[in-house]
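Commentary on secondary and tertiary structure
Now for the letters of each chain:
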Amino acid sequence: MHISVIGTGYVGLVTGCCFAEFGLTVVCMDTDVRRIARLEKGDVPLYEPGLTESVAKGLRDGRLSFTTDIAKAVDQALVIFIAVGTPSRSDGAADLSYVEEVAKGIARYMTGYKVIATKSTVPVGTGERIRDVIRAHQTERYRFDIVSNPEFLREGSAIEDFLRPNRIVIGAESAEAIAIMKDLYRPLYLIETPFVITDVASAEMIKYASNAFLAAKVSFINEIANLCERVGADIQVVAKGMGLDHRIGAKFLHAGPGFGGSCFPKDLAALIQTGEQAGCEMRIARATWKANEEQRRIMVEKIRTALGGVKGKTVGVLGLSFKPNTDDLRESPALWIAEQLLTEGCALRVYDPAALEEGTRVLQGAVPCADAYDAAQGADALLLITEWNQFRNLDFDRIKSALRRPLFIDLRNVYEPERLAAFGFQYVSVGRPDRLPKQG
Ligand code: NAD
């Protein structure tokens, strides 16, 4: 079967590669000429574990090709996935202009029956809107079906998530389209992946409700962490004790600087907007958003207090991407905190394994460093914001002798306070009592 994927970002490229691995012939289309030129050479323009190998395999096997020409992407494909961005507009609503542009392109170049499946995260009602746009721009009256097939992959483990998802959601009105979609995902059927087959509106809503719920879990545990600090409890133990309850679950109960990335903040904002339009106030989504904004400020205050003011100080920063294993800086709490420190007159020595070049382009004046030890060199504190694996086993003797002052601020609770104190660090973390260095 021939399919195409429009948009070759984190979602589109992973989708294209994984379907090619399922044995389908996939055309990936993007309007970004440079991106497509690089991809044609097997040069992957984003950092995602396993993706370079997957693109190379697809190209080698002749199952994956790239184009900037929408006509080529539409012509032979039975299923066309829309995976373009849906960023926030200034009022928080999802900007659907890219999706609509694609819908117009598909309409113009249709040559027969097509299934048009939306992978982009789009508000309820978008499926209907795409249907209207296509009808209005068709040059000939070819049949088509609209499917909502939201994507749940996580950057940093996107290929693994795509190939072993918790569930596949397919929203459609047409039995023919559902059968075609099931056929596409047959390899996942064989490994007993649950399928949720529903209407388009419910499928669209599942995605927003899932992301808002996960974001709420993060904001909730952060709020509990802040309270733990005031009353002398330890959030790590509290979260463990909560997470062992199967009704709660241990995931997304890690206290820290709050969520970021290209999805949670924008999807929360869009859900709040959808609620407003529908006359249904989304109070929990709003509170989640507000608590998340506040959490970043609380982290900066924590840094100020630990350093006794940040003006004129130097801080080594570990991690800039919004989470480990990605180069994505969109809405990164690390970037926000670093920008705030710079604004307040703090000098920064920064290191990130994948987002250093782009990160230091944004953080004007920050010094890019070769590794964690270089970042610590001559600094008044080492600040761990994004918990890349390589920061989980630092050589503390080296860090301590590189720092001007043995202050370790760990916004991801990667280390045990006693251990750091035993190494002679003043250790500050989230939702746990601060530790002073052990003497002697
Ligand atoms: P992205 O910004 O990485 O990629 C979007 C791509 O679409 C870009 O390469 C852009 O050039 C291309 N594009 C824009 N307009 C186009 C057009 N008219 N024709 C062809 N290509 C066009 O975005 P992403 O992170 O892959 O996200 C895409 C969608 O998937 C969003 O709606 C997002 O909310 C959703 N989503 C993202 C993730 C994630 O972890 N990134 C997970 C699940 C769902």
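Residues numbered from 1 in each chain as written. Predicted model: local features only at pLDDT ≥ 70, side-chain atom pairs only at ≥ 80, totals over all residues. Heavy atoms only, no water.

What about helix α13 (residues 283-307)?
Selection rule: Only runs of H or I of at least four residues qualify as helices and only runs of E of at least two qualify as strands under DSSP, and these elements are numbered from the N terminus. Given a helix with a known number of residues, its expected span is that number minus one, times 1.5 Å. For the exposure calls, accessible area comes from a 1.4 Å probe over protein chains only, and a residue counts as buried if that area is under 20% of its type's maximum, exposed if over 50%, partly exposed in between.
Helix length check: α13, at 25 residues, gives a terminal C-alpha distance of 36 Å against a target of 36 Å (1.5 Å per residue), a fit within 8%. Of the positions making up α13, those classed as buried are A285, T288, N292, Q295, R296, M299, V300, K302, I303, A306 and L307. Among the residues trailing α13, G308 stands out with phi positive, at a value near 70°.

What about the environment of P49?
Here is the rule: Two residues form a contact once any of their heavy atoms are found within 4.5 Å.
Residue position: P49 is located in the loop between α2 (33-40) and α3 (51-61). With sequence-adjacent residues up to four places away left out, P49 is seen in contact with G156, I159 and N325.

Things to note about the packing of aromatic side chains
Any two aromatic rings considered together are summarised by their centre-to-centre distance and by the angle between their planes. Put simply, the rule reads: Pairing of aromatic side chains requires ring centres within 6.5 Å, counting the rings of Phe and Tyr and the six-membered ring of Trp. Pairs whose planes differ by under 30 degrees are stacked, by over 60 edge-to-face, and all others tilted.
Throughout the structure, instances matching the rule amount to 19 aromatic pairs. Look at F396 and Y415: their rings are 4.9 Å apart centre to centre, the planes differ by 75°, and that puts the pair in the edge-to-face class. Residue F396 is found in helix α17 (residues 396-402), and its partner Y415 is found in the loop between β13 (407-410) and α18 (417-422); the two are separated by 19 residues along the sequence. F396 sits in the buried class, given a relative accessible area of 3%. Given the relative accessible area of 2%, Y415 is considered buried.

What about the packing of helix α12 (residues 264-278) against α13?
Each packed pair of helices is defined by two parameters, the angle between the axes and the distance between the axes. Which entries qualify depends on this criterion: Axis lines are fitted through C-alpha atoms, for helices just across the contact stretch, and the angle between N-to-C directions can take any value from 0 to 180 degrees. By the definition used in this description, the sense in which the near helix is turned from the far one sets the handedness, with an anticlockwise turn below a right angle giving left-handed and a clockwise turn giving right-handed. Note on residue categories: nonpolar means Ala, Val, Leu, Ile, Met, Phe, Trp, Tyr, Cys or Pro, charged means Asp, Glu, Lys or Arg, and polar means any other residue, Gly included.
For the pair α12 and α13, interaxial distance at closest approach is 9 Å and the crossing angle is 145°. Between α12 and α13 lies a crossing whose hand is left-handed. Contacts between α12 and α13 involve P265, L268, A269, L271, I272 and E276 from the first element and A285, R286, T288 and W289 from the second. Residues of the contact of α12 with α13, tallied by class, amount to 7 nonpolar, 1 polar and 2 charged.

Topic: the sheet that holds strand β11 (residues 367-368)
Put simply, the rule is: Paired strands, in this sense, are two strands between which DSSP finds at least two bridges.
Taken together, 6 strands build an open sheet; the order of strands is β11-β10-β9-β12-β13-β14 and the sheet is parallel. On the outer flanks of this sheet lie β11 and β14 (426-428), each paired with one strand and no other. Summarising the sheet, β13 and β14 pair through 3 bridges and their orientation is parallel. For L407, the partnering residue across the bridge sits in β14 and is Q426. Strands in contact with α13 are β9 (314-318), β12 (381-384), β13 and β14; relative to β13, the strand with the most contacts, it is inclined by about 170°.

Comments concerning helix α8 (residues 175-184)
Note the cut-off: This arc describes the spread of directions from the helix axis toward the C-beta atoms. Pairs of N or O atoms are called polar contacts if they sit within 3.5 Å, as long as, within protein, a hydrogen donor faces a hydrogen acceptor (for residues adjacent in sequence, only side-chain-to-side-chain pairs).
Of all the residues in α8, the buried ones are A177, I178, I180, M181 and L184. Seen from one end, α8 has its buried residues packed into an arc of 165°, which puts them on one side. The opening residue of α8, the one whose side-chain oxygen lies 3.3 Å from the backbone nitrogen of E176, is S174.

Some words on the domain arrangement of the chain
The line we're drawing: Bear in mind that the domain bounds are from an automatic or database domain assignment. Each of two parts loses accessible area, computed with a 1.4 Å probe, when they are put together; buried area is these two losses added. By definition, a salt bridge exists where a carboxyl oxygen of Asp or Glu is found within 4 Å of a side-chain nitrogen of Lys or Arg.
As assigned here, the chain comprises domain 1 (2-198) and domain 2 (233-440). Centre-to-centre separation of domain 1 and domain 2, based on C-alpha positions: 34 Å. Domain 1 puts 16 residues into the contact, and the matching count from domain 2 is 17 residues. Of all residues in domain 1, Y10, Y47 and E155 bury the most surface against domain 2, accounting for 42% of the area lost on that side. Across the contact surface, domain 1 and domain 2 share 1 salt bridge. One salt bridge connects E155 with R330, and the closest N-O pair in it is separated by 3.9 Å. Seen at the junction of domain 1 and domain 2, the total is 7 residue pairs in polar contact (both at pLDDT 80 or more). The residue inventory of the side of domain 1 that touches domain 2, partitioned by class, reads 8 nonpolar, 5 polar and 3 charged.

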